[in-house]
Structure formats: structure tokens, C-alpha cells
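Residues per chain, in single letters:
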Amino acid sequence: MCGIVGYIGEKDAYPIIIKGLKRLEYRGYDSSGVALLNDQGLTLYKRKGKVSDLEEFTESKDKSGSIGIGHTRWATHGEPNDVNAHPHVSGDGKLALIHNGIIENYASLREELSNRGHVFHSDTDTEVLVHLIEDVRKNTDLNLFDSVRVALNEVIGAYAIVVLDKENDDELIVAKKSSPLVVGIGEPGEFFIASDATPIIEYTKNVVYLEDEEIALVNRKGDLKIVNIQNQPVTPYIQELELQLEALEKGGYDHFMLKEIYEQPRSITDCFRGRMNLNKGLIKMSGIDSYEGKWKNAKRIIIVACGTSWHAGLVAEYLFEDLARIPVEVEYASEFRYRNPIINEDDIVIAISQSGETADTLAAIKLAKDKGAHIFGVCNVVGSTISRETHSGAYTHAGPEIGVASTKAFTAQVTVLTLMALTVARKKGAVSDEKYHRLMAELSTIPDKVERVLQTNDEIEVIAEIYKDATNALYLGRGYSFPVALEGALKLKEISYIHAEGYPAAEMKHGPIALIDEEMPVFVIATQGPSYEKVVSNIQEVKARKGKIIAIITEGDKDVKGMADHYIEIPSCDEVLMPLVSTVPLQLLSYHIALMRGCNVDQPRNLAKSVTVE
Ligand code: AGP
């Protein structure tokens, strides 16, 4: 996710843009930039770092101009640096463009444009887009508004863009598909453009939310002209903002954690966007393709991570052993680094880290790298320390995760690890075509299944109310659901401060069952799958000792429904993909319980978002 801001009107553009970018830093903050049109022409300032770094850099520079665009970046293609920061400029220097989203077919577009003489200076997909618009305008007699529309017809992916023409300070062109874009209507001839309403609300409450595949022109005459990608006119629907600023930064949600839980259909989609092509029946993981031999000949995979990322690693153990038939060891990074571990050159080490800055994980991969292993990173922050320390990797594209308790990052990690396991299994011939394509097709339906689970939020809140005063809790799961039980327990304890433990359901008989009494809530992932009957037996063992059962069940399951004190129904899916769905109700449950206990959901006590110290 990135933040975009544009302004045209009578005021100085720069202060409005900078203030707006600061409001949008929760969307991304690894680099930023601004383009202004003034007497000097098109003036561009771009810097790695936060918006405040850009502000410091421009302190003594010319910042005049009543039209401009600005961008705060969450890198997806091209690491965070001054060159890759937005705005990006066309080859003839006339167009400046800012973009939030992912252009999936940027590589082929870049190749075509290079063959037509275009020269690129950055590693970004965005630069390709501004050159494409330039190319269309140059080769047709279309104006900029039409050139943007024609160019976007060739684009596959997500975008929210603003385009500024050096030779026309009277207008801005904007367009939107899958990424958000709001147009604020100020004084006559004054418009504010942004990723959401937070940079706009202090100037005007009258906004138009562009819909997908709409292109708009705004100008000093006060025109707001919208067409769709087929060039059919669209009547602007002007709304009046009701939300207050603070709520807007959270997208209307009460907390970042809740917002991020609800972002999961989008973040899971962004994980496989551009990697999984259902039409071609192929998954493309360039970080694996480039080292195909190492993956095909790997004798062992070692996964190093901490916390929630370690739980994603446990899911990956089941995925790689089940699908790719490669032995996997999952290690707490902090233990691995000090255990004098045996590491061989034909080992592959996967480091999983949302922040990409966790000290123990970083130390673990440095140790493995020194011993000759191949290091693969699964990170969410592009250009983070861990991602730069690995030989190759795959970003999760989940967007910034602000809530300390990891939610969308976990399901994004599991999505990427699923794509990886399927890719390696396919290369090794360890998975049948039928299963490979079936799991791909089913993975594409997961965002909708997660959406359906989110709709059970009210029922989950009722259950939370019943168990909010528990002092202990047990989470049980088998197979692919065992790591989900651990993750559910971690979510509860880290934000509600209730002691919770996750266990393999069968393991309960080896001790924890002594804990069971009528005060003990036992959350059981009891979805349909190979171990369903066994889990049902475990539920009966808990019931026999008066334990309270809260079961996550497959829609339509009547058996467990009859045994459980409470249940949450989730859509059925293959057990391999179940962690992506069954985790979500446990996230919501923890969120509501913590809230009811008056805990600080986004910043729990004693915790930090990234543990960069040992
Ligand atoms: C999870 O909710 C916690 N925030 C914590 O366990 C976290 O997963 C762990 O610190 C690892 O962080 P990383 O993914 O950024 O490396």
C-alpha cells in the first residue's frame, strides 16, 4: 500500500501535500516525494525515508506552485531509495505520476517500451506506467485524459494514480482500479486527491470516491469529468464525509488491528496477484525459479522465525513435507542461533519475518549463510535488513501492519508459503497435475471464504462476551490446524493478557487435560479433514471433564455443533488451505475479548511491533 496526494487550486500546494502525506504514512513510509508545477517548470523532490526526511531535504528549496502531487511509498517493486521513490517522470520529462498498487504486467510492458526506445532509471512498475502514457500520447493525437485511459487498457493489476502535465498547470488526471482514490471538492476550481479522506477532511467534506476502472479530470474551471475505461461518461456521486479524522486513519475501524483483520481478503489476493495465473495453470515464484536446482536437490529445509512468523513456519512444515516431500525443521531463531546447529550446504533456510528486522531471525540466517546454506526470505517490508541478507525471497505484499498483534501478515505469509510449496512440489514432480491445479483454483477462492468468515463477527463478539473473564484458555488443533491453535493462543495472550496455550489436540491426554474444569474455555479447530474424528474424540474427553468447548467447525457440521457449548461455522476448504480461513475467527475472538477487558489492542503492554534487540 502507498499513500498518494494531489492538489490543484489557489493555495500553495506543497504544505497541503506534505501534511496529507504525513496523514497517509500508516499506508507506507519507506520513501516519499513531491512534484510541483511552478515558474521553474516541473520541480521534483524525492527521498528515501519518512515524509519528515523529505520535508528536511526541501527546507531551503523552491516549493512554490498551486498544483502538485505527492507520494509516500510502501515498496513492492524496487527497494526503497531516492530513485525508486515516486513521483516518476516520463522520458520526455513532461509527465509526473504517482501510483498506489501493483502493475502485474509491468515487465512485458517495460520490454515493449524499451524496444521503442524508452529508457528507465528505476526498478519500479510505476515508471513503466508513466512511460506507457507518454508513448500513447506521442503516437496518437489524444489529449492526456484520453491517453491515460487508452494506456490503462493495456495494464493488468491495481492502480490509483495521479498524473501531472508539465505543459498544463490547469488540470490533474486521476484513475483507479482495486486501490482506493478519493477526490475532494474544495472552493470553485479547487480539488484534493488522496488515497483516503484523511488528507482532505480538514479542507472539505464533499468527496467523490472513484470506482474501479474510472478515470477523472479535474481542473481550475471546476470541472470534474469522469469516464470509465470504455470511455463512457460517469456521473460523479458527491458524498459528505461523516467520519472524524482519527477514525479515517483507521479506515473507519476502531483499531488498526481490526482494520488489518478485515484487510485479509485484499492482502491474500495481493499475495498471489501476479504470481498465480489460473488461465495458464501456473504459479511463478521468481525467487525459487532462479535457484531451481537448489530447491530440487534440497535435502532439508530449515525454517527460522519468531512468534507468529514461527507459527507460519509450522504451517509451512506441513505444506512442504506433505506436497513437496522435503524434510522440514522449524526452529525458533533465538534457539537455533546459539545451539551450534548442523547446517549443510545443500540445506535451504527459509527466514520468515513481517518486519524483516527481528534480531534473532537476522542472526540465525547470518549463521546459516556463513555455513553455506541457501537463504530464502519471506518478508513484508521491502528492502528490510533480513530481505537484503537473503539470497532470494518473496515479499508478502500485505501492506503496513500497524497493529502489534500480527494478523494479515500471518495469512499473507501462509499464502506465500503455500505458493512456494506448490511451486517446489511441481518442479520435483511430487504433486499430481490434478492436485496442483485444484489447490491453485481453491486458493483463488480463499479471499471470498475469509470475507464470509468476517461476516460472522457479531456472533464471535457474543462468544467473546461469555469468555472475556477467563483466566486461562486452551487451544487445540491437529495437523495443519495445530499451528493455528498456537497462533490463536498467542493472539489471545498478547492482547488480552489471558494465559492461553495451544496444543496438538491428541497431546492433551499427556498432561494438559489435568487443567480441564468448568472454568476452562477450550477453543478447538474441528473442521472437516483427515483427523476430524480424532478431534471429535478429544472434544468428548474435554466435555467429560466439564470443560467448555468453543469449536471452529465446517459449515453444516451437525455433530460437533451438538457437542460444543459454542461454535463458529467457516466455509469448507482443503485442509492444506484451512489455516488461511480458520485463523480469522480466532483473530476476531482475541480482538473482542481484549477490547472488553479494556486492553490497548493496537499497542499491548510490554510488546513492540518489531523486536530488533536480542
Ligand atoms: C505476533 O503477533 C507478535 N507481534 C510477534 O510474535 C511477532 O510475530 C514476532 O516478533 C516476529 O516478528 P517478525 O515477523 O517481524 O519477525
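For the structure itself, look to the data block above.
Described below are features of the structure shown in this document. (Residues numbered from 1 in each chain as written. Predicted model: local features only at pLDDT ≥ 70, side-chain atom pairs only at ≥ 80, totals over all residues. Heavy atoms only, no water.)

The next point concerns the sheet that holds strand β25 (residues 521–525). On the basis of which strands lie adjacent, the open sheet formed by five strands has the order β24-β23-β25-β26-β27 and parallel pairing. Each of the sheet's edge strands pairs with one partner strand only, and the pair in question is β24 (499–504) and β27 (566–570). Each strand of the sheet is rotated relative to its neighbour by a mean of 15°, with strand direction disregarded. In the sheet, strand β23 (residues 472–477) pairs with β25 via three bridges, with the strands oriented parallel. Paired with Tyr475 across the two strands is Phe523, which belongs to β25. The strands touched by helix α18 (residues 457–467) within the sheet are β25, β26 (548–554) and β27, with β27 carrying the most contacts at an inclination of about 150°. (Pairing = 2+ DSSP bridges. Helix = DSSP H or I, 4+ residues; strand = E, 2+ residues; numbered from the N terminus. Axes fitted to C-alpha atoms, helices over the stretch in contact; angles between N-to-C directions. Contact = heavy atoms within 4.5 Å.)

The subject of this paragraph is the packing of helix α8 (residues 264–272) against helix α17 (residues 446–454). Direction vectors running N to C along α8 and α17 enclose 170°, while the axes themselves pass 8 Å from each other. The angle between α8 and α17 falls in the class roughly antiparallel. Contacts between α8 and α17 involve Gln264, Pro265, Ile268, Thr269 and Phe272 from the first element and Ile446, Pro447, Val450, Glu451 and Leu454 from the second. Taken together, the residues of the contact of α8 with α17 break down into seven nonpolar, two polar and one charged. (Parallel < 35°, antiparallel > 145°, perpendicular 65-115°, else oblique. Nonpolar A, V, L, I, M, F, W, Y, C, P; charged D, E, K, R; others polar.)

Moving on, we get to the site of the ligand. Among the 13 residues in the neighbourhood of the ligand, the closest are listed as Ser309, Ser353, Ser355, Thr358 and Glu494. Separating an oxygen atom of the ligand from a side-chain N or O atom of Ser355 is a distance of 2.6 Å. Protein chains shield 91% of the accessible area of the ligand, which is 410 Å² for the free molecule. Looking at the shell around the ligand, the elements with two or more residues in it are α11 (307–324) and α19 (482–496). Each residue belonging to the shell around the ligand can be placed in one class, and the counts come to three nonpolar, eight polar and two charged. (Near = heavy atom within 4 Å. Polar contact = N/O pair within 3.5 Å; in protein donor to acceptor, adjacent residues only side chain to side chain. Areas by Shrake-Rupley, 256 points an atom, 1.4 Å probe, with all protein chains shown as cover.)

Attention shifts here to the pattern of salt bridges. Two side chains that carry opposite charge are able to pair once their charged atoms sit near each other. One pass over the full model with this rule turns up 37 salt bridges. Measuring nitrogen to oxygen at the nearest pair gives 3.5 Å for the salt bridge that ties Glu104 to Arg273. One end of the pair, Glu104, is in the loop between β6 (95–100) and α3 (106–115); the other, Arg273, is in the loop between α8 and β16 (276–277), and 169 residues separate them in sequence. Residue Glu104 is classed as partly exposed on the basis of its relative accessible area of 31%. Exposure remark for Arg273: the relative accessible area of 18% places this residue in the buried category. In this structure, the salt-bridge partner of Arg273 is Asp270, at a minimum N-O distance of 2.9 Å. (Salt bridge = Lys/Arg side-chain N within 4 Å of Asp/Glu carboxyl O. Buried < 20%, exposed > 50% of the residue type's maximum accessible area, 1.4 Å probe, protein only.)

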